[in-house]
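# Chain and residue survey
Single-letter residue listing:
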Amino acid sequence: MKIEIKSLSKSFGAFRALRDIDLTIESGELVTLLGPSGSGKTTLLRTIGGLESPDSGSVWFDGHDATERSARDRRVGFVFQHYALFRNMSVFDNVAFGLHVRPDRPPKKEIAERVDRLLALVQMRGFERRRPAQLSGGQRQRVALARALAVEPKVLLLDEPFGALDAQVRRELRRWLRHLHDEMNVTGVFVTHDQDEALEVADRVVVMNKGTIEQVGVPMEIYDKPATPFVYQFIGNVNRVPCVIADGEARLGTLAIPLNGVDAPDGAHATVFFRPHDLKLVQTGSGTNGIAATVRHISVLGANVRIDLAADDDLPLEAELPRTQFDELTLKQGDRVVVIPNDPKIFPGTAPAAPVP
């Protein structure tokens, strides 16, 4: 099912949740809506599913205007964060529920066969007679997904489906979901505020902020080529260094960075962004141009080492180095270093900090 969102807007009182959203989701795609709280991602998901009506704009399914259709008529399946399973029903009855209440209810034997296939698909065969209270969080979410798939939806909508689970279970389930989607090939829209989850699960990521779309792209593009300061800060860790443009360059300490097409006149303020893992450190006295800084704290993170730094103007910086590279530097707290960004990105203006997800 191809989904087209055209000039979609939605307000709740004075709060504008969506502002003229245009988005196309191709048939069979798994798209993630990513953003902080209040960015509009859940409102957009609910509007696609028919649980909210837009103030203006339209939702199209396979070339047909679905804006006025009910959620049932849109043939969508929903999976929510808190499972929404019927506590007094068994796993089997929860999965079969949507089939029993359909106007074109299938025969009892067909329902049983479909539930059995789905429970095998979500790796829950053998749990048919258990109640939700007898399952782990991850198992309950698998049952919720099987129930959503039982009615053979054209579109699967998932709203923070793993948000209530611990980190290890989340990692396992998102990999499993990606594999399941590849088998089912149903169009999916997945809401999350977790950047790692979005990048790992999605075919494409839609980054949202304050009711608008900041950028749409494949995960690698979103991470490596962020289009705005907001996207750069929201996707992964980042260092932000304010500067003033002089002689057509941005200067970071003694390092001059060419603008490379960035429109910023001399004297203009700008912000230079670079990732903690996308830089190198050298000891002072080497004559290398860069940002002079002091090592404040060192944290070992398995194969990598995080180094908290303070530039001479007390600007906090963060470096992340492979363990082998760190060992060669033999750094300790209080050492002086020069920070050299390998792939800095310049944005005109002073960039505010991204909100907490």
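Cut-offs used in this document
Residues numbered from 1 in each chain as written. Predicted model: local features only at pLDDT ≥ 70, side-chain atom pairs only at ≥ 80, totals over all residues. Heavy atoms only, no water. Pairing = 2+ DSSP bridges. Helix = DSSP H or I, 4+ residues; strand = E, 2+ residues; numbered from the N terminus. Axes fitted to C-alpha atoms, helices over the stretch in contact; angles between N-to-C directions. 1 Å grid on protein atoms, 1.4 Å probe; cavity = no way out; pocket = protein on both sides within 12 Å on 5 of 7 lines; lining within 4 Å. Points joined across faces, edges and corners; volume = space filled by probe spheres on them. Nonpolar A, V, L, I, M, F, W, Y, C, P; charged D, E, K, R; others polar. Core = buried A, V, L, I, M, F, W, Y, C linked by side-chain atoms within 4.5 Å. Buried < 20%, exposed > 50% of the residue type's maximum accessible area, 1.4 Å probe, protein only. Contact = heavy atoms within 4.5 Å. Salt bridge = Lys/Arg side-chain N within 4 Å of Asp/Glu carboxyl O. Patch = residues over 30% accessible without salt bridge, like charges linked within 9 Å, V, L, I, M, F, W, Y side chains within 5 Å. Areas by Shrake-Rupley, 256 points an atom, 1.4 Å probe, with all protein chains shown as cover.

Taken together, the five strands give an open sheet; going across it, the order is S15-S19-S16-S17-S18, and neighbouring strands pair in antiparallel fashion. The strands lining the two open edges of the sheet, one partner per strand, are strand S15 (279-283) and strand S18 (316-322). Strand-to-strand twist in this sheet, taken as the mean axis angle between neighbours without regard to direction, amounts to 45°. Bridge analysis of strand S16 (residues 291-301) against strand S17 (residues 304-311) gives eight bridges, and the strand direction is antiparallel. Looking across to S17, one finds that Val295 is bridged to Leu309.

With that settled, consider the sheet that holds strand S13 (residues 255-258). Pairing is antiparallel across the open sheet formed by five strands, whose spatial order is S13-S12-S11-S14-S20. Of all the strands in the sheet, the pair left with one neighbour each is S13 and strand S20 (345-348). Between one strand axis and the next, the sheet turns by 35° as a mean value, whatever way the strands run. As defined by bridge partners, strand S12 (residues 249-252) adjoins S13 across four bridges and the pair is classed as antiparallel.

What follows is about the layout of surface pockets. Considering only enclosed or pocket space, the largest pocket measures out at about 630 Å³ in volume. As for the largest pocket, its lining consists of 20 residues, of which Arg72, Val76, Gly98, Val101 and Val151 are closest to the centre. Counting residues per element, the ones that place at least two in the lining of the largest pocket are strand S6 (76-79), helix H2 (91-100) and helix H4 (137-150). The biggest single contributor to the lining of the largest pocket is S6, with three residues. Broken down by class, the residue content of the lining of the largest pocket amounts to 12 nonpolar, two polar and six charged.

Here the focus is the nonpolar core. Counting residues in each nonpolar core, the largest one holds 34 residues, and the members touching the most others are Val95, Leu145, Leu156 and Leu177. Those elements that place two or more of their residues in this core are H2, helix H3 (108-121), H4, strand S7 (155-159) and helix H5 (167-184). Broken down by element, the residue count for this core peaks at seven residues, all from H4. Excluding residues within four positions of it along the chain, Leu177 makes contact with Leu145, Leu158, Phe162, Phe190 and Val201. Grouped together as the second largest cluster of nonpolar side chains are 32 residues, Ala293, Val305, Leu321 and Ile346 included.

This brings us to the pattern of salt bridges. Enumeration over the complete set of coordinates arrives at 14 salt bridges. A salt bridge links Arg323 to Asp327; the shortest N-O distance between them is 4.0 Å. Of this pair, Arg323 and Asp327 both sit in helix H9 (residues 323-329), four residues apart, which is roughly one turn of the helix. Under the relative-accessibility criterion, Asp327 is labelled partly exposed at 44%.

Our next topic: a nonpolar patch on the surface. A cluster of nonpolar side chains, namely Phe86, Phe97 and Val101, defines an oily patch on the protein surface of about 220 Å² accessible area. Tracing the backbone shows Val101 in the loop between H2 and H3.

This part covers empty space enclosed by the protein. Under the defined criterion, the tally for this structure stands at two cavities of 30 Å³ or more. Estimates place the volume of the largest cavity at around 70 Å³. In this structure, the largest cavity is lined by Leu30, Leu149, Leu156, Leu158, Leu177, Leu180, His181, Met184, Val186, Thr187 and Gly188. Every element with two or more residues in the lining of the largest cavity is listed here: S7, H5 and strand S8 (187-192). Examining the composition of the lining of the largest cavity, we find that four residues originate from one element, H5, more than from any other. Each residue belonging to the lining of the largest cavity can be placed in one class, and the counts come to eight nonpolar, three polar and no charged. Here the second largest cavity defines a volume of roughly 40 Å³. What lines the second largest cavity is Val79, Gln141, Arg142, Leu145, Leu158, Pro161, Phe162, Trp176 and Leu177. For the lining of the second largest cavity, the secondary structure elements donating two or more residues are H4 and H5. Considering each element in turn, the lining of the second largest cavity owes the most residues, three residues, to H4. A per-class count over the lining of the second largest cavity returns seven nonpolar, one polar and one charged.

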